[in-house]
Amino acid sequence: DTGVSQNPRHKITKRGQNVTFRCDPISEHNRLYWYRQTLGQGPEFLTYFQNEAQLEKSRLLSDRFSAERPKGSFSTLEIQRTEQGDSAMYLCASSSTGSSNSPLHFGNGTRLTVT
Amino acid sequence: KNQVEQSPQSLIILEGKNCTLQCNYTVSPFSNLRWYKQDTGRGPVSLTIMTFSENTKSNGRYTATLDADTKQSSLHITASQLSDSASYICVVSEDSNYQLIWGAGTKLIIKP
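Scope of this entry: the structure provided in the associated data block. Bear in mind the structure is a predicted one, so any value in this text is a computation, not a measurement. (Residues numbered from 1 in each chain as written. Chains lettered and ligands numbered in written order. Predicted model: local features only at pLDDT ≥ 70, side-chain atom pairs only at ≥ 80, totals over all residues. Heavy atoms only, no water.)

### Overview of the overall build of chain B
Line of reasoning, step 1. Scanning chain B for helices and strands turns up 0 helices and 11 strands.
Line of reasoning, step 2. Written out in order from the N terminus, the α and β elements of chain B read β-β-β-β-β-β-β-β-β-β-β.
Line of reasoning, step 3. A principal-axis box enclosing the C-alpha atoms of chain B has dimensions of 40 × 25 × 20 Å.
Line of reasoning, step 4. When burial is assessed residue by residue, chain B has 47% of its 112 residues classed as buried.
Line of reasoning, step 5. In chain B, the proportion of contacts linking residues at least 24 apart, taken out of those at least 6 apart, comes to 56%.
Line of reasoning, step 6. Carbon and sulfur atoms form 48% of the exposed surface of chain B, whose accessible area is close to 5,300 Å².
Line of reasoning, step 7. With 10 positive and 9 negative side-chain charges, chain B shows a separation of 8 Å between the mean positions of the two kinds. (Helix = DSSP H or I, 4+ residues; strand = E, 2+ residues; numbered from the N terminus. Buried < 20%, exposed > 50% of the residue type's maximum accessible area, 1.4 Å probe, protein only. Contact = heavy atoms within 4.5 Å. Areas by Shrake-Rupley, 256 points an atom, 1.4 Å probe, with all protein chains shown as cover. Lys, Arg positive; Asp, Glu negative; His and termini not counted. Charge placed at Lys NZ, Arg CZ, Asp CG, Glu CD.)

### What about the nonpolar core?
Line of reasoning, step 1. Among the nonpolar cores identified, the biggest contains 25 residues, and Val4, Tyr25, Leu33, Trp35, Leu75 and Tyr88 of chain B are the most heavily contacted of them.
Line of reasoning, step 2. Only β3 (19–25), β4 (32–38), β5 (45–51), β7 (62–67), β8 (72–77), β9 (86–93) and β11 (106–111) of chain B provide two or more residues apiece to this core.
Line of reasoning, step 3. Judged by nonpolar contacts, the second largest core, of 19 residues, contains Val19, Phe21, Trp34 and Leu61 of chain A. (Core = buried A, V, L, I, M, F, W, Y, C linked by side-chain atoms within 4.5 Å.)

### Description of the sheet that holds strand β7 (residues 65–68) of chain A
All names here are of chain A.
Line of reasoning, step 1. Strand order in this open sheet of 4 strands is β1-β3-β8-β7, and the pairing throughout is antiparallel. Since the sheet does not close on itself, it has two edges, and those belong to β1 (5–7) and β7, each with one partner. Sheet twist, expressed as the mean angle between neighbouring strand axes with direction ignored, is 15 degrees.
Line of reasoning, step 2. Both β1 and strand β3 (residues 19–24) contribute to a ladder of 3 bridges, which runs antiparallel. In the strand pairing of β3, serine 5 is matched with aspartate 24. (Pairing = 2+ DSSP bridges. Axes fitted to C-alpha atoms, helices over the stretch in contact; angles between N-to-C directions.)

### Let's talk about the interface of chain B and chain A
Line of reasoning, step 1. Each partner contributes to the interface: chain B provides 22 residues, whereas chain A provides 25 residues.
Line of reasoning, step 2. With both chains or domains summed, chain B and chain A bury close to 1,700 Å², and 51% of this area falls on carbon and sulfur atoms.
Line of reasoning, step 3. Along the contact surface separating chain B from chain A lie 0 salt bridges.
Line of reasoning, step 4. One can count 5 residue pairs in polar contact (both at pLDDT 80 or more) joining chain B with chain A. (Buried area = accessible area lost by both parts, 1.4 Å probe. Salt bridge = Lys/Arg side-chain N within 4 Å of Asp/Glu carboxyl O. Polar contact = N/O pair within 3.5 Å; in protein donor to acceptor, adjacent residues only side chain to side chain.)

### Regarding the sheet that holds β8 of chain B
All names here are of chain B.
Line of reasoning, step 1. If you walk across this open sheet you meet the 5 strands as β1-β3-β8-β7-β6, and the pairing is antiparallel. Pairing within the sheet leaves two strands with one partner each, and these edge strands are β1 (4–7) and β6 (56–59). Within the sheet, the average angular offset between the axes of one strand and its neighbour, ignoring direction, is 15 degrees.

See the structure below:
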């Protein structure tokens, strides 16, 4: 399978713990995006990378959130000191170019539950 | 404020029937409009992308239309199948791939 891969698929953690998610994009895609989605809503943009450079961060991305893409391939999203409001589906997507007409290819997400 | 509104919020139809989902937007500047299908518990999958100059685009049994003057789009599904049960999300791009304005989606249920 050469699609976008996200791990883990599910994560349950206690409030205050740190969690880290991983995303492996389609190999030839140089752009990688992180989104957050809550039930019944469309995805909300968090941040995106072109190669290893993080080019944009949403105001939603508080200082407890950090994302990296160290070698321009896979990416990690870390949430420190998790809160119950962080419970959501975290989606990763990749695209091949910066053209606004390029489709985003999404992974199946990591569902985070903070208890 | 840039917004994308979809209707209906949910829809139930019988297998084999056709249906049309609506999307109205107030996004400016406008680059393109996309329709995504999202199965429960999975990531969205791109169905169509239309630019300002395109007013219809098909992908199998899915046909999207765009009226850039009235800022409206529709997604028509022909001869529905049980596997069409999903949320359908309308997304409008301002001018880059990350500046996407997402609708809340229409939840479609196909009954046998």
